[in-house]
Amino acid sequence: MSPRALIRSVLHRIVQHPDTDVTYEAECLACVWVAKPSTDVKAVDLACLSHAGRSNHRGFRRIVTGFAFVVRADEDPVPAPSVPPQMPGS
């Protein structure tokens, strides 16, 4: 008798990594100015407003970075402890 493969479909979902925060950044589209990365979106927005007021530059690229896990739908949403991912340059 030959071995048989068992294939089954399992539902998954994606959840926020429990050991990290979402990080917000912004870059001016007219010059090399960048906002200091922060977990506080309001701080980044205020930095953009301040730069716009000083330079009259109106366009910004916003960057939102978050880390996530994919878990089975019937599992605890908190994955097993692991080393949290590192932000580039940290």
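Heads up: the structure comes first, above all this text.
Position numbers for residues count from 1 along each chain, tracking the sequence in the order it is written. Confidence filtering applies because this is a predicted model: local features only for residues at pLDDT of at least 70, side-chain atom pairs given and counted only at 80 or more, and all residues used for totals across whole chains, interfaces and linings. The side-chain figures draw on all heavy atoms in the structure; neither hydrogens nor water molecules are used.

Undergrad: Explanation requested: unusual backbone geometry in the structure shown.
TA: With the exception of glycine, most residues fall at negative phi, and the peptide bonds are largely trans. In this structure, Asn-56 is a non-glycine residue whose phi angle is positive, near 65°. Strands here mean DSSP runs of E at least two residues long; helices mean DSSP runs of H or I at least four residues long; both are numbered from the N terminus. Its place among the elements puts Asn-56 in the loop between α1 (41–55) and β3 (60–65).

Undergrad: What am I meant to see in the pattern of salt bridges here?
TA: It is possible for side chains bearing opposite charge to pair when their charged atoms get close. Just to be clear on terms, a salt bridge is a Lys or Arg side-chain nitrogen sitting within 4 Å of an Asp or Glu carboxyl oxygen. Throughout the structure, instances matching the rule amount to two salt bridges. A salt bridge links Arg-61 to Glu-27; its shortest N-O distance comes to 3.1 Å. Placement of Arg-61 in strand β3 and of Glu-27 in strand β2 (residues 23–28) is noted, with a sequence separation of 34 residues between them. Relative accessible area serves as the criterion here: at 29%, Glu-27 is assigned to the partly exposed category. As a salt-bridge pair, Asp-45 and Arg-62 come within 2.5 Å of each other at their nearest N and O atoms. With Asp-45 in helix α1 and Arg-62 in strand β3, this residue pair connects regions lying 17 residues apart in the sequence. The class of Asp-45 is partly exposed, set by a relative accessible area of 25%. Taking the relative accessible area as the measure of exposure, Arg-62 reaches 56% and is therefore exposed. Throughout this description, buried means an accessible area under 20% of the type-specific maximum (1.4 Å probe, protein chains only), exposed means over 50%, and partly exposed covers the range between.

Undergrad: I would appreciate a short explanation of the environment of Ala-26 in the present structure.
TA: Counting through the fold element by element, Ala-26 comes out in strand β2. Residues Ala-26 and Gly-59, 33 residues apart in the sequence, show an inter-C-alpha distance of 10.0 Å. Apart from residues no more than four positions distant in its own chain, Ala-26 is found in contact with Trp-33, Val-34, Ala-35, Val-44, Cys-48, Arg-61 and Arg-62. Residues count as neighbours in contact if any of their non-hydrogen atoms are within 4.5 Å of one another.

Undergrad: Teacher, can you tell me more about α1 here?
TA: Residues lying three or four places apart along an α-helix face the same way, a consequence of the helix completing one turn every 3.6 residues. One less than the residue count of a helix, multiplied by 1.5 Å, gives the span that helix is expected to have. Between the first and last C-alpha of α1 there are 21 Å, a value that for 15 residues agrees with the 21 Å anticipated at 1.5 Å per step. Those residues of α1 not exposed but buried are Val-44, Cys-48, His-51 and Ala-52. The arc enclosing the buried residues of α1, seen along the axis, measures out at 100°, which places them on a common side. Counted as exposed and oriented over 90 degrees from the buried face of α1: Lys-42, Leu-46, Leu-49, Gly-53 and Arg-54. Elements that come into contact with the buried residues of α1 comprise β2 and β3. In this structure Asp-40 caps α1, since a side-chain oxygen of it lies 3.1 Å from the backbone nitrogen of Lys-42. Asn-56 sits one or two positions beyond α1 and adopts a positive phi of about 65°. To obtain the arc, one takes the directions from the helix axis to the C-beta atoms. In the analysis that follows, any N or O atom pair within 3.5 Å is treated as a polar contact, provided that within protein one partner can donate a hydrogen and the other can accept it, and provided that, for residues neighboring in sequence, both atoms belong to side chains.

Undergrad: What's the story with the nonpolar core in this structure? I'm lost.
TA: Nonpolar side chains tend toward joint burial in soluble globular proteins. Core analysis: the largest hydrophobic core is formed by six residues, namely Ala-26, Cys-28, Trp-33, Ala-35, Val-44 and Cys-48. Residue assignment for this core shows that the elements contributing at least two residues are β2 and α1. Discounting chain neighbours no more than four positions away, the residues touching Cys-28 are Trp-33, His-51, His-57, Gly-59 and Phe-60. Side-chain atoms within 4.5 Å are what join buried Ala, Val, Leu, Ile, Met, Phe, Trp, Tyr and Cys residues into a set we call a nonpolar core.

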